[in-house]
Amino acid sequence: MTNTSIADVQARLQWSLFALRIGVFIVMLMWTLDKFVNPGHSARIFEHFYGISGSTDTVAYALGALQLLLVLAFAAGIQKRITYGLIFVMHGLSTLSSYNQYIDGFNNLLFFTAWPMWAACFALYLLRDQDVKFTK
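Computed from a predicted structure; not experimentally measured. Within each chain, residues carry numbers counting from 1 in the order of the written sequence. Restriction of local features to residues with pLDDT of at least 70 applies here, the model being predicted, together with a cutoff of 80 or more for giving and counting side-chain atom pairs; totals for whole chains, interfaces and linings are based on all residues. Remark: hydrogens and water are excluded; side-chain values derive from all non-hydrogen atoms of the structure.

K.L.:
Break down the pattern of salt bridges for me, citing the residues and quoting the values.
P.N.:
As a working rule, side chains carrying opposite charge can pair if their charged atoms are close by. One side-chain nitrogen of Lys or Arg within 4 Å of one carboxyl oxygen of Asp or Glu is enough to make a salt bridge. In total, this model carries 2 salt bridges according to the counting rule given. In this structure, Arg21 engages Asp131 in a salt bridge whose closest nitrogen and oxygen atoms are separated by 2.8 Å. A residue pair is termed long-range when its members are at least 10 positions apart, and Arg21 in helix 1 (residues 3-37) and Asp131 in the segment after helix 6 (114-126) qualify at 110 residues. Arg21 gets classed as buried once you look at its relative accessible area, which sits at 0%. Strands are runs of DSSP state E lasting at least 2 residues, helices are runs of H or I lasting at least 4, and numbering of each runs from the N terminus. Buried means the residue's accessible area, taken with a 1.4 Å probe over protein chains only, is under 20% of the maximum for its type, while exposed means over 50%, and partly exposed covers the values in between.

As structure tokens, this is what we get:
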């Protein structure tokens with residue numbers, strides 16, 4: 001490879017990682033905003049998928065605020081080892097907690113979209129040092 005082609009590959013990698021980061025950010029942001037817009041939905045999700053009952057609007061707002069800080073830091077590329085790692089773990093728990101939906105896959109096809117997103121989170125974590133496009 002020549003220096004030009006190495007630079008081209010590096011530029012493509014940076015843009016690809018940026019696209020993955022923004023794509024994951026958009027999904028995580030919507031899940032975060034849902035805690036503020038419809039806190040009752042969060043309570044139902046906690047109960048159905050995680051077995052945690054009795055969640056209140058205040059709990060949803062508090063978790064939403066913490067998640068918003070994390071998601072914004074992730075989008076900005078701040079403390080990548082921590083933020084990318086937490087996003088990977090958080091999305092992984094969400095993906096794995098939906099195991100019943102995978103058993104009846106054809107009636108729950110949208111749940112399978114969690115797997116490529118989790119793979120994107122994994123790739124971002126592994127390549128976090130190369131993800132430098134528009135990061136802090």
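K.L.:
Let's hear about the packing of aromatic side chains: which residues, and what values?
P.N.:
Side-chain rings of Phe, Tyr and Trp (the six-membered ring for Trp) are treated as a pair once their centres are within 6.5 Å; stacked means planes under 30 degrees apart, edge-to-face means over 60, and tilted covers the remaining angles. Throughout the structure, instances matching the rule amount to 12 aromatic pairs. Taking the centre distance of 5.9 Å and the plane angle of 70° together, the rings of Trp15 and Phe134 count as edge-to-face. Separated by 119 residues along the polypeptide, Trp15 in helix 1 and Phe134 in the segment after helix 6 bring together distant segments of the chain. Ring centres 5.6 Å apart and planes at 40° place the aromatic pair Phe88 and Phe122 in the tilted group. Of this pair, Phe88 sits in helix 4 (residues 80-97) while Phe122 sits in helix 6, placing them 34 residues apart in sequence.

K.L.:
Quick rundown of the nonpolar core? Include the residues and the values.
P.N.:
In this structure, Val24, Met28, Phe74, Ile87, Cys121 and Leu124 are the most contacted members of the largest nonpolar core, which totals 15 residues. Those elements giving two or more residues to this core turn out to be helix 1, helix 3 (57-76), helix 4 and helix 6. By residue number, the principal contributor to this core is helix 6, which donates 5 residues. Residues are treated as being in contact if the distance between any of their heavy atoms lies within 4.5 Å. If we ignore the near neighbours within four places in the chain, the residues touching Val24 are Phe74, Ile87, Met117, Ala120, Cys121 and Leu124. Residues belong to a common nonpolar core when they are buried Ala, Val, Leu, Ile, Met, Phe, Trp, Tyr or Cys residues joined through side-chain atoms within 4.5 Å.

K.L.:
Can you tell me about the packing of helix 4 against helix 6, naming the residues and giving the values?
P.N.:
With axes taken as lines fitted to C-alpha atoms, and helix axes fitted only over the stretch in contact, angles between N-to-C directions fall between 0 and 180 degrees. The geometry of helix 4 relative to helix 6 is characterised by a closest axis approach of 9 Å and an angle of 160° between their N-to-C directions. By the angle between their axes, helix 4 is roughly antiparallel relative to helix 6. Note that helix 4 runs across helix 6; the crossing there is left-handed. Between helix 4 and helix 6, the contacting residues are Arg81, Tyr84, Gly85, Ile87, Phe88, His91, Gly92, Thr95 and Leu96 on the first element and Ala114, Trp115, Met117, Trp118, Cys121, Phe122, Leu124 and Tyr125 on the second. Three classes are used, and their members are as follows: Ala, Val, Leu, Ile, Met, Phe, Trp, Tyr, Cys and Pro are nonpolar, Asp, Glu, Lys and Arg are charged, and the others, Gly among them, are polar. Grouping the amino acids of the contact of helix 4 with helix 6 by side-chain chemistry returns 12 nonpolar, 4 polar and 1 charged. These descriptions rest on fixed angle ranges, namely under 35 degrees for roughly parallel, over 145 for roughly antiparallel, 65 to 115 for roughly perpendicular, and the rest for oblique. Helix crossings fall into two classes, left-handed where the near helix is turned counterclockwise from the far one by less than a right angle and right-handed where it is turned clockwise.

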